[in-house]
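Each chain is listed here by its residues.
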Amino acid sequence: MASYPDEVRAAERAEIRARYRRRQGGPPVLGPPAAVRVAEIDRILIDRWGKILPHDDAGADDAFIMLHHLARRVGDPTIRMQGWLDQHAPWMSPAERQAIVDRVLAKPLRWKADTLGKRLGLTAADRTRLKIKTVGCIDQTADERAELRRLAKIEYKRRRRADLRRAADPT
């Protein structure tokens with residue numbers, strides 16, 4: 001009997017936990033964290049550059065960041081990275097592509113939210129507008145973002161209670 005790779009097993013367990021939390025009335029789960037972050041970085045890059053990255057150092061650096069995140073996804077990272085480069089960096093030569101993919105696969109990096117936000121130059125306004133949750137920003141600390149979330153949650157609960165009272169009032 002063939003055994004699953006640890007990554008596949010971890011992804012399956014995460015999905016089971018997510019289904020259980022939804023059934024128990026917990027907060028909705030967006031999906032595996034690596035997939036969510038990849039989707040958010042993709043939104044940031046498309047918003048900033050369009051579908052194709054610029055043919056300069058900024059475009060190469062953004063491709064480098066995305067490839068590190070794609071390398072952490074479950075499945076064959078080489079195919080996923082090559083496909084992403086085909087779509088977003090068609091200007092990159094085959095030798096450059098192979099070199100960057102080999103470099104990333106040798107040691108895929110992990111970024112903390114704030115470090116990644118600084119590297120991408122993401123502002124709080126863009127973060128809010130693009131509905132980014134897993135990447136930090138350059139003009140707010142993690143504590144400031146946590147405080148804003150806390151205040152938003154309090155306001156949401158206040159409005160919800162008021163709506164429930166209005167719905168229960170027969171007049």
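As the structure is a computational prediction, the values presented were derived from the model and not from experiment.

**Structural notes on the nonpolar core**
- Ranked by internal contacts, the top residues of the largest apolar core, which has 27 residues, are I41, L67, W84, L85, I100, L120 and V135.
- The greatest single-element share of this core, amounting to 7 residues, is contributed by helix α3 (residues 57-71).
- If we ignore the near neighbours within four places in the chain, the residues touching L67 are M81, W84, L85, I100 and V104.

**Structural notes on the side chain of H88**
- By secondary structure assignment, the location of H88 is in helix α4 (residues 77-88).
- A distance of 2.7 Å separates a polar side-chain atom of H88 from the backbone oxygen of K51.
- Residues within four places of H88 in sequence aside, it is in contact with D42, I46, K51, I52 and L53.

**A look at the packing of helix α2 (residues 33-49) against helix α6 (residues 113-120)**
- At their nearest, the axes of α2 and α6 sit 12 Å apart, and the two run at 20° to each other. For the element pair α2 / α6, the angle class is roughly parallel. Crossing hand, α2 versus α6: right-handed. Here R37, I41, I44, L45 and R48 of α2 lie close against α6, whose contacting residues are A113, L116 and L120.

**Overview of the environment of R80**
- As for its placement among the helices and strands, R80 is situated in helix α4.
- When the C-alpha positions of R80 and L67 are compared, they lie 8.8 Å apart, and in sequence the two are 13 residues distant.
- What R80 contacts, discounting residues up to four positions off in sequence, is L70, R73, V74 and G75.

**Notes on the pattern of salt bridges**
- Applying the stated rule across the entire model yields 9 salt bridges.
- Between R145 and D114 there is a salt bridge, with its nearest N and O atoms 2.7 Å apart. Of this pair, R145 sits in helix α8 (residues 142-168) while D114 sits in helix α6, and the two are 31 residues apart along the sequence.
- Salt-bridge contacts for D126 lead to R129; the nearest nitrogen and oxygen are separated by 3.0 Å. One end of the pair is D126 and the other is R129, both in helix α7 (residues 124-129) and 3 residues apart, which spans about a single turn.
- Given the relative accessible area of 24%, D126 is considered partly exposed.
- A single salt-bridge network, built from bridges that share partners, covers D47, D126 and R129.

**Considering α2**
- With 17 residues, α2 extends 24 Å between its outermost C-alpha atoms, agreeing within 8% with the 24 Å of an ideal straight helix rising 1.5 Å per residue.
- By the burial criterion, the buried members of α2 are V36, R37, V38, E40, I41, I44 and L45.
- Of the surrounding elements, those touching the buried residues of α2 are α3, α4 and α6.
- G50 sits one or two positions beyond α2 and adopts a positive phi of about 90°.

**Comments concerning the environment of M66**
- Positionally, M66 belongs in helix α3.
- Residues M66 and D42 lie 24 residues apart in sequence; the distance between their C-alpha atoms is 7.8 Å.
- Setting aside residues no more than four positions away along its own chain, M66 makes contact with V38, I41, D42, L45 and W84.

Conventions and cut-offs
- Residues numbered from 1 in each chain as written.
- Predicted model: local features only at pLDDT ≥ 70, side-chain atom pairs only at ≥ 80, totals over all residues.
- Heavy atoms only, no water.
- Core = buried A, V, L, I, M, F, W, Y, C linked by side-chain atoms within 4.5 Å.
- Buried < 20%, exposed > 50% of the residue type's maximum accessible area, 1.4 Å probe, protein only.
- Helix = DSSP H or I, 4+ residues; strand = E, 2+ residues; numbered from the N terminus.
- Contact = heavy atoms within 4.5 Å.
- Polar contact = N/O pair within 3.5 Å; in protein donor to acceptor, adjacent residues only side chain to side chain.
- Axes fitted to C-alpha atoms, helices over the stretch in contact; angles between N-to-C directions.
- Parallel < 35°, antiparallel > 145°, perpendicular 65-115°, else oblique.
- Left-handed = near helix turned anticlockwise from the far one by under 90°.
- Salt bridge = Lys/Arg side-chain N within 4 Å of Asp/Glu carboxyl O.
- Expected span 1.5 Å × (residues − 1).

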